[in-house]
Amino acid sequence: MTPMRIDDPTPAQAWKIMLEGNARFVADSPLHPNQDAARRATQSHGQAPFATVFGCADSRVAAEMIFDRGIGDLFVTRTAGQILDSSVLGTLEFGSHVLDIPLIVVLGHDSCGAVKAAMTAHASGDMPPGHLSDVVQKVTPSVLTAHRQQVTDARGIMEQHVAATVDLLPERSRLIGERLESGTLGIVGAAYDLANGTVRVVAQHGL
């Protein structure tokens, strides 16, 4: 088996490549493409990744491993609970607008510490110290929305948070919104299962 070639893929084709890589990862048969010295040398002159991954900073959620990709393939941004701020939006805009990347994947996962912290703060009314409270405040709207829909488990709230982030990207970023409307960008919200390694779509736009 060889990975699909990556020559200016459409958003849907880029997501297909990602799913193929994840299937190899789950089956414990990764190909580790584009991870040799030759690839390292060619990428020193510039980058042309085919997908952006905006994921959680959790040490167990390494995008290049989950999707079996290599050097120069993925443009990765990670924050606790994949929360958005202006720096993250600017980074994602750089990927789509400057690097012309056709796909953004918002990647959440089960057992997310940021989601659990937001659930605890909502239940107790007590915020965590320091800048941890900033993370909790940005996840809390997803907790509230999930509760209104009678969803109270951590996995369901995580999936709500991923879906909300997918919706927020074109709302908060004119550049991302314009590319989405033009059909040159797709956004997928996916939930990663820590135990079995699978990713599952929970929201999408433009595919």
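- If you look the protein chain up in an unreviewed UniProt entry, it shows as carbonic anhydrase from Kytococcus schroeteri.
- The UniProt entry for the protein chain carries this comment under Sequence similarities (unreviewed entry): "Belongs to the beta-class carbonic anhydrase family."
- In UniProt, the protein chain has this text filed under Function (unreviewed entry): "Catalyzes the reversible hydration of carbon dioxide to form bicarbonate."

### Thoughts on the UniProt feature "binding site: Zn(2+)" (unreviewed entry) in the protein chain
Thought 1: Within this numbering scheme, the UniProt entry marks Cys 56, Asp 58, His 109 and Cys 112 as carrying the feature "binding site: Zn(2+)" (unreviewed entry). Considering the C-alpha atoms alone, the annotated residues occupy 57 residues of sequence yet fold into one spot, their largest mutual distance being 8.9 Å.
Thought 2: For Asp 58, the location among the structural elements is in the loop between strand 1 (51–56) and helix 3 (63–66).
Thought 3: The contacts of Asp 58, once residues within four sequence positions are left out, are Arg 78 and His 109.
Thought 4: A polar contact is formed between the side chain of Asp 58 and the side chain of Arg 60, at a distance of 2.7 Å.
Thought 5: Looking at where His 109 falls in the secondary structure, it is placed in strand 3 (residues 103–109).
Thought 6: Setting aside residues no more than four positions away along its own chain, His 109 makes contact with Cys 56, Asp 58, Arg 60, Val 61, Met 158, Tyr 192 and Leu 194.

Cut-off values and rules
- Residues numbered from 1 in each chain as written.
- Predicted model: local features only at pLDDT ≥ 70, side-chain atom pairs only at ≥ 80, totals over all residues.
- Heavy atoms only, no water.
- UniProt positions renumbered as here; feature names shortened; annotations may be inferred.
- Helix = DSSP H or I, 4+ residues; strand = E, 2+ residues; numbered from the N terminus.
- Contact = heavy atoms within 4.5 Å.
- Polar contact = N/O pair within 3.5 Å; in protein donor to acceptor, adjacent residues only side chain to side chain.

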